[in-house]
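Read off the chains here:
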Amino acid sequence: MASSLLSSEGVAEGQRVWIKNKSSDPREPPFLAGTVVEADGTTAKIALDNWGSGETVAVSESELDVANAVSAELSGGEERAEPDNCDLLQLSEATLLHNTLLRYRRDEIYTFTGPIVTSLNPCKPIDGLYSTERMKAAKPREEDELGAPNPHIYSVGANAYKTLCETGRNQSIVVTGISGAGKTEANKYLLKYLVWRASKEGTESSPMAQTVLDSTPVFEAFGNATTVMNPNSSRFGKFLTLQFSPTGRMQGAFMKTYLLEKSRITSQLANEQNYHVFYTVAKGLSPSQRAELQLPKGSDAVEAFKLLNLRKASDVDWSELPCDFAELSAAFAVIPPLAGCQLSVWKVIMAVLYLGNLDFAGKGAVGDSTVADAKIADPSTTAVIARLLSIQPTELENAICIQNINAGGEWIKSPNSIAYASDVKSALTKALYSKLFDWVVEMINSSLISGEGGRYFIGAVDIFGFECFPTNSLEQLCINFANERMQHMFTEAVFESVIAEYQKEGIDVADITFEDNTPLLELIDKPATGILSLLAEECFFPSGSDASWLQKIKSQHAKHANFSEERLDRTAFTISHYPGKVTYQSTGFLEKNKDPLSQDLVVLMQFSDDDFVKTLFEEKQSTAMAGSVRRFKSAKFVGLIDGFRTSLNQLVKTLEGTKTHFIRCVKPNMDKKPDNFVFDVMQRQLYTSGVVQAVQATRKGFPDHLPFAELLSRFEQVVPKAAIGKAGAEGVRALLKSAEVPETDYRVGKTKVFLGVGVLDRLEQRRMEYIASKVLSMQMLVRAYNARKRLKLLRDEKARAAKAKAEAEAAARAAEEAARKEREAAEAAAAAQKAKEEEEAEKERQTRFQRARQMSFERSTAKKRREQAEKAKAAEAAAKATADATKDLDAEKLAKFQQEVADGGGVDNKEMMNVAVVSDIGWKGGAEPAQGDDVWAQYDFKCAVSDVLEYAEYLGMDIKQDAHLLWIADEALQAPEPQGWEQRLDPKGGVYYYHGVTGMVLNQHPLDHHYQQFYLQMKAQYDAMYTSKGDAGGEGGAKPGTAAQAPIEFLPYKGGPYEEGSGGAAQKKGLFGMGKKKEVKGPVEEMWELSCQLDRQQDGLGIGLTLDNIIVEVEPGGSVATQGELQYGDKIVAVDNNTLGHRMLKDVIVPQRTHQLIVKYARMSTQPPSPRRERAKKLVPDKGAAPRRIEEIEVKIRREKGTGRLGFGIDAMNTIVEVDPNGPVAGQLQVGDKIISVDGSKLNFKRFVDTVGRTEEHILCIARLHAADPSIAAGRGLKKSKSRKSATSLQGSGSQLLRSQSRYSEKMPALREVRLIKETDETKIGAVFHRSDDAFDKSFFNVEGSSVQPIIKKVDPGSMAECSGLVPGDVVLSVNGISGLSNFQVVEMLRKGQGVFNLVVISGRQVQQTFTGAAPSPRR
């Protein structure tokens, strides 16, 4: 750390200087002051004073820092303490430290450092420091009348408020510093000033503003605690936004909290305490309140509660608590939502304290708490807790000590060990208090929300102070990481943005160096490799542990400059933060991140007889879908750090959108003693807080940057109008010259002017003087106008009121009684009818919901039903066959009998006589009249139709509108049970799922959320597709939604006879219908090459490609569709000067804003020229070149004679999905052909079956995708096989996916379970996943951010993956029951883990084909 910030050019005799103190005594200052007695240009002799005791030493002049001179004229012989460090004439670490010491001794604890305010904690009260007179005197720096800065925290508030009112830009004030530096107090007084200022300096009363102030002791009581570094330390972060109207009136407020330290509730370090509210309530409850709560004798002894960490009551310094019980109760009483809930809050707090006293006894292994079965040692403690929470003691004990687990279809009671039961109890303890804290915050926020809605806000950030305790865990790592983020934001605001703006504007200034903590942020939070990212990943592994996670981060970051191992403690690691090194203990990191809570206890709280306890544990209802269907909770594990990182990112994003003011809090010593200035503590804080670097940046550069227009418009009044006369840079120079600003004090850039230190203050002073000179006349005119206007309004209003009153009273009295009676009768009837309808609707909905929910738990029942149905079907078929055989025999006997009767015999055959009578009556063997086919039969559901329909409603489907998506419900009911999840029974008989690895709990089946999201994605895709097609094709955009619109339909014909020899001739045409018959010579097919520039949208290029990079799909609104250069059928051959060759575009392209593409396309020579052909160049075809892949073909077909059928099936997209090999179109049409027009009428997304007529003969225009060149397929490494289909067969005009080469591709179900077994870590799976976002359609899979959907790109032949049934294109839905995993997480689990991995996968090709019409769904 260099000591000299401003080098001296030699020293002279008698000059005051600073030299480094070489003493190792920490009590001595790091620098010594002295006077030069002799100097020769190289070495100087210094006579030391103070600590030097007059000693004279020889020092090299390069090691000297010049001191600031003592001015008797300015300070009466005393050395001046500058209110702004940037105003120091001589600047060095020594002068900064000395200036801070001088101000500290004079109780001037606030100091400017350019735009930053440094707050030095005095550790004692200072008279008048925060008085009303100080608030009135506080002004933004530029408004100081004498031009001398008056630093104060009120000045920061005044500056933020003034800037908000003048510019309309939101403001934020970030208060940071180490623990104990006074951040909480600074925020408290900052809030006090802003409320005072918004109330017009106390002249207006504002109940809302008073509520903001009254909430302060509540937040401190519930969120602060005593630590070894601070007796009132905030154990949570908060961001308070005060909302203002455009005129500066406060309209509301909102508090956002971050990461309450829950571990403190159940355990504290030595000499530390729990949250203040526990001590306040435990001591403050009156005897009558204790009797009302039915607390046992001795409940008034605070030392009796283990959670309070006390040996005796005197260990608590009650004066350090933010409030006593009476003050806390008073604060509750003035906040409306809290006023009536005090007793309920005290009950929960006492229940938490008694939970800390709950001990266990056990039976089993002697002395081993991990084996012994847990049992409550003192049932009376359980009774107290149960009474406070209004639950049954037996149920509470069972929920803590016993688990009900479903094993083999039977419920088994499994006793918990003492250690596990203790963890369950601790989890309930933390959950009760944390939910109570969240509820208090929510209630205070609800009382601060205004119906008017504030348009602007000033936000105050009180983030946790940097912490370093003897034992540091996950909470300290998160706290220190948040401080690092704030430090980085401070660095960017003060340094990086300044340098970047100088370079952008072409301003030449000296280099500014600063400490950048980006490497440290990446060490902690870099995706995939950061410490927190690896922790989140480790929670997914069944064998994950604190030790394995620690080993991973040691291996990953062994060479990182900010990371080091602890040689003496193998369970610890050290990180070098900006204030210093911190050693973290890894034990318990995983468990704290999982933060498990027993669902049994949650259910108990939800069924409590106390409505307040119910409220704390009620599930937050997510946004519902259509009707009353709720959205299911995802089975994806979200840990504590995931939520914390998300909240922190949101906070930083909010702050970056505001004008930010910084307050850097420091403390004079580590013991918070008054009048004790420890030099090394202060020196370290001044450097690490950025004060030293900020001074350097301000002195070297120009702190104020204004656009030309803003400077001219704001300060044109300070100079004569004739002095400017110009705009832009010339006008700025003229204005500053006229204002007598030296040229050395400003720089003019390209769009902004950069003003030196103090220039803007002087201009603002002159502007305020000018406005003050004009304001009196303006006020006089405005007041006179307002008075006349008000007088006229009052007169008019009085006349109108008198007239209206007389008319209204007469009419009102006549109609009032009749209207009242009529209204009451109507309201009573409507209320009764509405109540009846709601009751019936709710009863019906609950019945359906319970039925569907039961099905989601008992999916194995579906299998049994299918087996029984198949057996019944087989038995029915056998019976039918027997009946048919009998019928044929009876018919033969009957015919013989009738012949005998005709010949005159057979009369004595009574048996045949009865048969003949029955036959004549027409019973026909008892057969019922034939009925129409079941409308659902065409869907070929594997499960019972009733089950499918009920589960579809459970997912939120509309049966009529979503009939084409019912196959999703059918697939869901067949889904295998996810691994890792087990069913458990809560105390009230409800079933829930529990994941043994992550500790996650779900009240629904783990796959319900996935199938609901899958349904919503498919529905959204269908809606978007049919909406766009409806816009393009008019009525043809009708959406399939009814059962009658079956995906495959065979068309019967009822017309005339079939004529031989007139059908089947196929005629090839070009893409746009301009074609030729094979026998016609003349028009030829030409190849063209076009180069175009394409602007890339955020979600990609918006095209679908074949294996040969031929465009077969164009996304509406995408890059290609918007630009219009590329068309269906074009082949991309190069991108950004890279020839594709046999490579696919996605493997070559590098995402950037603009791409240069080269495409080839074919056109018939007879087609008229187009604008893009004029820009293209014609190519000479190579000899033996492969034919075009996509062609439009005209086919003449005839219906089958007699039946009138066509003999092929189509889907909703008019793509042929089935061709009868013996039908009339065999050999003419192929599976995958897409019908474009029929009998000259273009479909334009209309359904074929709705357009085709009933004539015998039809002419179809179809689009066909031909097979790829075999040489191309070979070039990609695709193997040929006689027993497999060609690798290049693509089904459907819109499909961009290859048909799988695997033997599983033909009969593979869309959804299936795949089991992989890794015997060791080195065992290879043999599957490659897509790594880039361009590998798949992000919008389809609903992927956001940087995560990549786990889609298999390649499967090695003969590998474990292929043998298990994985194929390219499979999408991994879950691994061992954990769903919602990203691509990286799946890869890491499979690569680093071992054992059995159960993967639930769905064929991505079959999903895509649902939209493109490539093949029918297995369920369709």
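Residues numbered from 1 in each chain as written. Predicted model: local features only at pLDDT ≥ 70, side-chain atom pairs only at ≥ 80, totals over all residues. Heavy atoms only, no water.

**Student:** I tried to follow the overall build of the protein chain on my own but got confused; where do I start?
**Tutor:** Of the regular secondary structure elements, the protein chain holds 42 helices and 47 strands. Here the protein chain, with 1420 residues, has 48% of them falling under the buried criterion. Taking as baseline every contact in the protein chain between residues at least 6 positions apart, the subset at least 24 positions apart corresponds to 68%. Summing over all exposed atoms, the protein chain offers an accessible surface of approximately 69300 Å²; the carbon and sulfur share of this is 52%. (Helix = DSSP H or I, 4+ residues; strand = E, 2+ residues; numbered from the N terminus. Buried < 20%, exposed > 50% of the residue type's maximum accessible area, 1.4 Å probe, protein only. Contact = heavy atoms within 4.5 Å. Areas by Shrake-Rupley, 256 points an atom, 1.4 Å probe, with all protein chains shown as cover.)

**Student:** Help me understand helix H41 (residues 1383–1392) in this model?
**Tutor:** An α-helix turns once every 3.6 residues. As a result, residues three or four positions apart point the same way. A large share of H41 lies buried, amounting to 7 of its 10 residues. Of all the positions in H41, only Asn1383, Gln1385, Val1386, Val1387, Glu1388, Met1389 and Leu1390 are classed as buried.

**Student:** Where do I start with the nonpolar core in this structure?
**Tutor:** Among soluble globular proteins, nonpolar side chains are generally buried collectively. By size, the foremost hydrophobic cluster in this structure holds 216 residues, and its most contacted members are Phe222, Trp439, Phe573 and Ile575. Ranked by the residues each element gives to this core, the list is headed by helix H15 (residues 418–448), at 15 residues. Excluding residues within four positions of it along the chain, isoleucine 575 makes contact with Leu477, Leu520, Leu523, Ile524, Ile531, Asn562, Phe563, Gly580, Lys581, Val582 and Tyr584. Core analysis: the next-biggest nonpolar cluster, separate from the first, contains 32 residues, Ile968, Val1371, Leu1373 and Val1400 among them. (Core = buried A, V, L, I, M, F, W, Y, C linked by side-chain atoms within 4.5 Å.)

**Student:** Sorry if this is basic, but what is going on with the sheet that holds strand E11 (residues 237–244) here?
**Tutor:** Each strand in a sheet pairs with its neighbour through backbone hydrogen bonds, running either in the same direction (parallel) or in the opposite one (antiparallel). Read from one edge of the open sheet, 7 strands run E6-E7-E21-E8-E17-E11-E12, paired in mixed fashion. Looking along the sheet, the strands with just one partner apiece sit at the ends: strand E6 (110–113) and strand E12 (250–258). Strand-to-strand twist in this sheet, taken as the mean axis angle between neighbours without regard to direction, amounts to 20 degrees. Relative to strand E21 (residues 659–666), strand E8 (residues 171–177) is paired through 7 bridges, and the arrangement is parallel. Pairing of glycine 177 across the sheet is with cysteine 665, part of E21. (Pairing = 2+ DSSP bridges. Axes fitted to C-alpha atoms, helices over the stretch in contact; angles between N-to-C directions.)

**Student:** Quick question: what am I supposed to make of the packing of helix H5 (residues 183–198) against helix H6 (residues 207–223) here?
**Tutor:** Helix-helix packing is described using two parameters, namely the angle between the two axes and the distance between the axes. Interaxial distance between H5 and H6 falls to 9 Å at its minimum, and their mutual angle equals 170 degrees. Compared by their axis directions, H5 and H6 come out roughly antiparallel. Between H5 and H6 lies a crossing of left-handed hand. Judged by residue contacts, Thr184, Lys188, Leu191, Lys192 and Val195 of H5 engage Ala209, Val212, Leu213, Thr216 and Glu220 from H6. (Parallel < 35°, antiparallel > 145°, perpendicular 65-115°, else oblique. Left-handed = near helix turned anticlockwise from the far one by under 90°.)

**Student:** Would you mind going over a nonpolar patch on the surface with me for this structure?
**Tutor:** Side chains of Met768, Tyr770 and Ile771 sit close together on the surface and give an oily, nonpolar patch of about 230 Å² of accessible area. Judged by relative accessible area, which is 35%, tyrosine 770 ranks as partly exposed. (Patch = residues over 30% accessible without salt bridge, like charges linked within 9 Å, V, L, I, M, F, W, Y side chains within 5 Å. Salt bridge = Lys/Arg side-chain N within 4 Å of Asp/Glu carboxyl O.)

**Student:** I would appreciate a short explanation of the environment of glutamate 618 in the present structure.
**Tutor:** Its place among the elements puts glutamate 618 in the loop between helix H22 (611–617) and helix H23 (640–656). When the C-alpha atoms of glutamate 618 and methionine 605 are compared, they prove to be 8.6 Å apart, with 13 residues separating the residues in sequence.

**Student:** Even after reading the chapter, I still don't get helix H12 (residues 342–356), so can you show me in this structure?
**Tutor:** Relative to the 21 Å expected for 15 residues at 1.5 Å per residue, H12 spans 22 Å between its end C-alpha atoms, a close match to the ideal helical length. Counting buried positions along H12 yields 14 of 15 residues, so the element is predominantly enclosed. (Expected span 1.5 Å × (residues − 1).)

**Student:** What is the right way to read the sheet that holds strand E18 (residues 563–565) from this model?
**Tutor:** Overall, antiparallel pairing links the 3 strands, which are arranged E18-E19-E20 in an open sheet. Two strands bound the open sheet, and with one partner strand each, they are E18 and strand E20 (581–585). Taking each pair of neighbouring strands and ignoring which way they run, the sheet shows an average axis angle of 25 degrees. Note: strand E19 (residues 572–576) against E20, 5 bridges, orientation antiparallel. Opposite phenylalanine 573, over in E20, you have tyrosine 584 as the bridge partner.

**Student:** Teacher, can you tell me more about the side chain of serine 155 here?
**Tutor:** Assignment of secondary structure puts serine 155 in helix H4 (residues 153–167). Accessibility expressed as a relative area gives 6% for serine 155, which makes it buried. When near neighbours in sequence (up to four residues on either side) are disregarded, serine 155 contacts Phe112, Ala138, Lys139 and Asn150.

**Student:** Please clarify how the side chain of serine 473 should be interpreted in this entry.
**Tutor:** Relative to the helices and strands, serine 473 is located in the loop between strand E17 (456–462) and helix H16 (474–505). For serine 473, the contacting residues outside a window of four places in its chain are Tyr584, Gln585, Thr587, Phe589 and Lys592.

**Student:** Looking at this structure, how should I read the pattern of salt bridges?
**Tutor:** Within the structure shown, the criterion is met by 35 salt bridges. Glutamate 1257 is the partner of arginine 1198 in a salt bridge, and the nearest nitrogen-oxygen pair spans 3.1 Å. Pair noted here: arginine 1198 is in strand E36 (residues 1190–1198) and glutamate 1257 is in strand E41 (residues 1257–1265), with a separation of 59 residues, a long-range link. Here glutamate 1257 falls in the partly exposed class, since its relative accessible area comes to 30%. With a shortest N-O distance of 2.8 Å, glutamate 1200 and arginine 1205 are connected by a salt bridge. On the basis of relative accessible area, glutamate 1200 is assigned to the partly exposed category, the value being 22%. What you see here is one network of salt bridges that share partners, running through Arg235, Glu261, Arg264, Glu272 and Glu467.

Geometry only, nothing functional implied.
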